[in-house]
Amino acid sequence: MAGLKSHHRIAIGVSGGPDSMALCVLAAHWKSENHNAATKGRSKCIDGLLAIVVDHGLRKESMEESNLVCRRIVDMGIKCEVARCAWLDGRPKPGHLQEAARDKRYEIFQHICFQHQIGVLLIAHHADDQAELFILRLSRNSGVLGLAGMAFTSQIFAKFPDCSGEALKAHGILLVRPLLEFSKEDMYNICRGGNQEWVEDPTNQSPLYVRNRIRMSLNSLSTSIFKTELQAVISACRITRFFVDKLCCKLINEAVTIVPHGYAVIDLGILNPTEVKDICLVKFIALVLQFISQKHRPVRGSTSKLLLDYIRTSPCKTCLTAASCYLCPAPGSKGTKILVCCSVNSSFPLKMELFEACTYGEHDCYVTSELKQIIANGIAYSDIFLPDASNTPFMDITSSESVLIEAKRLGIISDSTHRSIVSLQKEESENFMSKPAIISECESKDDVQHAGATPRKSIYPGQVGYFMNRFILNWMGFHKTSPNKSSTNEVERDKDLGVEGQCCSSCIIGHERGAEVRHMIDTDWIYLSNLSKLRNVENFQQQIHSKKTISCSDHAKLSAQRALASLKSIPVAARRAMPVLVNPQGVLLSIPGIGFTHCPRLMVYAVFKPSIPFGGGHSSYL
């Protein structure tokens, strides 16, 4: 189902508890059973299998415990690496502890997988985890898609993309949860059958955490019939999610165009929104808006209804701001196309994070092609089981309560199971409302800064920055001779400008100073317009043809003219989300996305490269 073969290189996330130890037992057996005879006897460790143990350092006994787990794993014939968390910003606060620990854990998983050229990570989530998540999301009024729980396969991506080469890529690993149909009791039985011991985390018993409370409530009333029927309704939600995701993928490929300047265009004629069911159309709009804004909160409630009404009004004649995006009719389309731009007037603060221009080198060469094939294998297999709309449940359901009512009508759950689920939902809803300080694991964390990351709005020569998780800014410095451009067009442009690499007294750039980064504003257009109209441009053209050294002011004038020509092809709403560089006095230095620079020696480039790719990467709920 995941597209995996035994020869693929695989990592396992291991805590040392019964779930992850059971996964180690099964993975080791699967790998060994299909092991190439030619490699047997060469090593005590199973080839192509790595366990990763993360010591969060949040309990005094955690180091000793992680070392114990490592020894047990090595005794199973699995290579193991222990990673220690460094909490650079201090220990997480209690309300954020589990959430912060999870984020740090997955960050480490990715890093180690990249180091070892591994593209697949197995995680030991099981059916009881799905049941807990179902009740949790039900108590938060999630719809059918949220109630589908955790994906069987999904991709997670590095915070910063690879900046090497001409093509910037989103680097990620495939997360696979092969135990989603196994129960917690199965985990214990597998460990016992494999003669494996496990450790128990005492924090799993604390009622302070929402999942623990739900787990305790489920255990108090879980009969075999209840468990079976609860898993059946979750499975029905997952089938619906699988169908909706497939349809949305098709609609995205056919009706959406992503423009390199950072905006999207939706073709309403191709989309035909009046013929698309609400559940699919809401998901489709959410995917577009989440990609453009890079804010991955669910689009729901009144915002969802507002967007549905907007996209179904054809021709489109009005503008709308929703979910950190600005929507309006695409210029020249007469309302048949919708422009989706990042809204610079949203409540999110300006964010600029500096990072090293990373390259994953051999990992990219070896793993990416293998991962593509794994994903393709999984898709080809799962597509065999794709239901049609008539056999997909819950397609017309709009609320969590309706899901349960429809499940009872379809005979998926009995009256007694329905009553028990509603009781659990009510209990957790009341807990949530009465304890607002407790942060649940499912809440969005888009605005919480990653440990060790330093958000800034300034950039200096030689630095690479990530602006609003959307644009990579690369300030390569100041060239002394002809600049080393990244494209033939840029090289030809600078040949036209007659760049000799000499700066002049009119330069407004302090070569030892940084620049502030902000969004483009209307006065930048006016500034370019005024700059382009200065009188001595004609003399400047003569200097170009005579190949004489030109001044910064002369260069800026012609660069402004060309920038204005480029900007005319970019809708006004989209321009306002583009990054620009200004000096400490606020004077415009560069609009790197369209090639404007105030100085011929300034080498700064911008590439639209969101941290999460369109659609969020591959995932499957089947």
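Check the entry above for the structure.
Here's what I pulled together on the structure shown here.

The rules we used
Residues numbered from 1 in each chain as written. Predicted model: local features only at pLDDT ≥ 70, side-chain atom pairs only at ≥ 80, totals over all residues. Heavy atoms only, no water. Pairing = 2+ DSSP bridges. Helix = DSSP H or I, 4+ residues; strand = E, 2+ residues; numbered from the N terminus. Axes fitted to C-alpha atoms, helices over the stretch in contact; angles between N-to-C directions. Contact = heavy atoms within 4.5 Å. Core = buried A, V, L, I, M, F, W, Y, C linked by side-chain atoms within 4.5 Å. Buried < 20%, exposed > 50% of the residue type's maximum accessible area, 1.4 Å probe, protein only. Phe/Tyr/Trp six-rings, centres within 6.5 Å; stacked < 30°, edge-to-face > 60°. Lys NZ or Arg CZ within 6 Å of the ring centre and 35° of its normal. Polar contact = N/O pair within 3.5 Å; in protein donor to acceptor, adjacent residues only side chain to side chain. Salt bridge = Lys/Arg side-chain N within 4 Å of Asp/Glu carboxyl O. Left-handed = near helix turned anticlockwise from the far one by under 90°. Nonpolar A, V, L, I, M, F, W, Y, C, P; charged D, E, K, R; others polar. Expected span 1.5 Å × (residues − 1).

**Quick look at the sheet that holds strand 7 (residues 256-259)**
- Taken in spatial order, the five strands line up as 7-8-11-10-9 in an open sheet, and their pairing is antiparallel. Unpaired on one side and paired on the other, strand 7 and strand 9 (320-322) mark the two borders of the sheet. Here the average twist between neighbouring strands, direction ignored, is 20°.
- Pairing of strand 7 with strand 8 (residues 263-267), which is carried by four bridges, proceeds in the antiparallel orientation. Bridging from a neighbouring strand, V256 pairs with I266 of strand 8.
- Its contacts with the sheet place helix 10 (residues 278-293) against strand 7, strand 8, strand 9, strand 10 (325-329) and strand 11 (337-342), and it is angled at close to 40° to strand 11.

**Quick word on the nonpolar core**
- Within the largest apolar cluster, 87 residues are counted, with the highest numbers of intra-cluster contacts made by F134, V233, I266, F284, V340 and F394.
- Counting 35 residues, the second largest nonpolar core, distinct from the first, contains L49, I78, V120 and V176.

**Describing the packing of aromatic side chains**
- On inspection of all chains with the given rule, the structure shows nine aromatic pairs.
- When the ring of F471 is compared with that of F608, the centres are 5.4 Å apart and the planes differ by 55°; the resulting orientation is tilted. Pair noted here: F471 is in strand 15 (residues 471-478) and F608 is in strand 20 (residues 602-608), with a separation of 137 residues, a long-range link.
- Overall, F471 belongs to the buried group, its relative accessible area being 5%.
- Taken together, the aromatic side chains of F291, F471, F608 and F614 make up a single cluster linked through ring pairs.
- For K104, the ring lying beneath its charged end belongs to W87, and the centroid distance is 5.6 Å.

**Some remarks on the environment of N345**
- Along the chain, N345 turns up in the loop between strand 11 and strand 12 (352-355).
- Spatially, the C-alpha atoms of N345 and S324 are 8.1 Å apart, while their sequence positions differ by 21 residues.

**Points about unusual backbone geometry**
- With an omega of 0°, the peptide bond running from S314 to P315 counts as cis.
- Relative to the helices and strands, P315 is located in the loop between helix 11 (301-311) and strand 9.
- In this structure, Q117 takes a positive phi of about 55° despite not being glycine.
- The class for Q117 is partly exposed, based on a relative accessible area of 23%.
- At M468, a residue that is not glycine, the phi angle is positive and equals roughly 55°.
- Here M468 is to be found in the loop between strand 14 (464-467) and strand 15.
- Classification of M468 as buried rests on a relative accessible area of 12%.

**Quick notes on the side chain of R470**
- Structurally, R470 can be placed in the loop between strand 14 and strand 15.
- Only 2.6 Å separates the side chain of R470 from the backbone oxygen of G262, close enough to count as a polar contact.
- A polar contact of 2.6 Å, which involves the side chain of R470, links it to the backbone oxygen of I292.
- When residues no more than four places from it in sequence are discounted, the contact partners of R470 are G262, I292, S293, Q294, C342, A577, V607, F608, K609 and P610.

**Comments concerning the pattern of salt bridges**
- Summed over all chains, the structure comprises 25 salt bridges.
- A salt bridge links E254 to K250, with the shortest nitrogen-to-oxygen separation between them at 3.1 Å. Note that E254 and K250 are positioned in helix 8 (residues 224-255) at a spacing of four residues, about one turn of the helix.
- By relative accessible area, which is 40% here, E254 ends up partly exposed.
- Each member of the salt-bridge network shares a partner with another, and the members are R59, E61, E65 and D201.

**Considerations on the side chain of T417**
- Note that T417 resides in helix 14 (residues 415-434).
- For T417, the side chain forms a polar contact with the side chain of E229, separated by 2.4 Å.
- In this structure the side chain of T417 is engaged in a polar contact, spanning 3.3 Å, whose partner is the side chain of S414.
- Not counting chain neighbours up to four residues away, the residues in contact with T417 comprise I225, F226 and E229.

**What to know about the packing of helix 4 (residues 127-139) against helix 14**
- Running from amino to carboxyl end, helix 4 crosses helix 14 at an angle of 65°, the nearest separation of the two axes being 8 Å. Relative to helix 14, helix 4 is oriented so that their crossing is right-handed. Contacts between helix 4 and helix 14 involve F134, I135, L138 and S139 from the former and I421, L424, Q425, E428 and S429 from the latter.
- Class assignment for the residues of the contact of helix 4 with helix 14 results in five nonpolar, three polar and one charged.

**Some remarks on the pairing of strand 17 (residues 579-582)**
- In strand 17, alternate side chains face the same way, and those of P579 and L581 on one face and V580 and V582 on the other are all buried.
- Where strand 16 (residues 515-519) and strand 17 come together, four bridges link them in antiparallel fashion. Across the sheet, residue H519 finds its bridge partner in strand 17, namely P579.
- Bridge count for strand 17 against strand 18 (residues 588-591) is two bridges, and the pairing is antiparallel. By the bridge assignment, L581 is partnered in strand 18 with S590.
- Hairpin connection from strand 17 to strand 18: five residues lie between these consecutive antiparallel strands, with G586 at a positive phi of about 90°.

**Describing the sheet that holds strand 5 (residues 153-157)**
- Pairing is mixed across the open sheet formed by seven strands, whose spatial order is 3-2-1-4-6-5-21. Looking at strand neighbours, the two that pair on one side only are strand 3 (79-84) and strand 21 (619-620), the edges of this open sheet.
- Two strands pair when backbone bridges link them, and strand 5 and strand 6 (residues 172-176) are joined in this way by five bridges, in the antiparallel orientation. Within strand 6, the residue paired with Q155 across the bridge is L174.
- Along the sheet, helix 3 (residues 97-115) makes contact with strand 1 (10-14), strand 2 (49-55), strand 3, strand 4 (120-122), strand 5 and strand 6, crossing strand 2 at roughly 145°.

**Section: helix 3**
- Taking 1.5 Å as the rise per residue, helix 3 with 19 residues should run 27 Å; its terminal C-alpha atoms sit 27 Å apart, in good agreement.
- Following helix 3 by one or two positions, Q117 has its phi on the positive side, about 55°.

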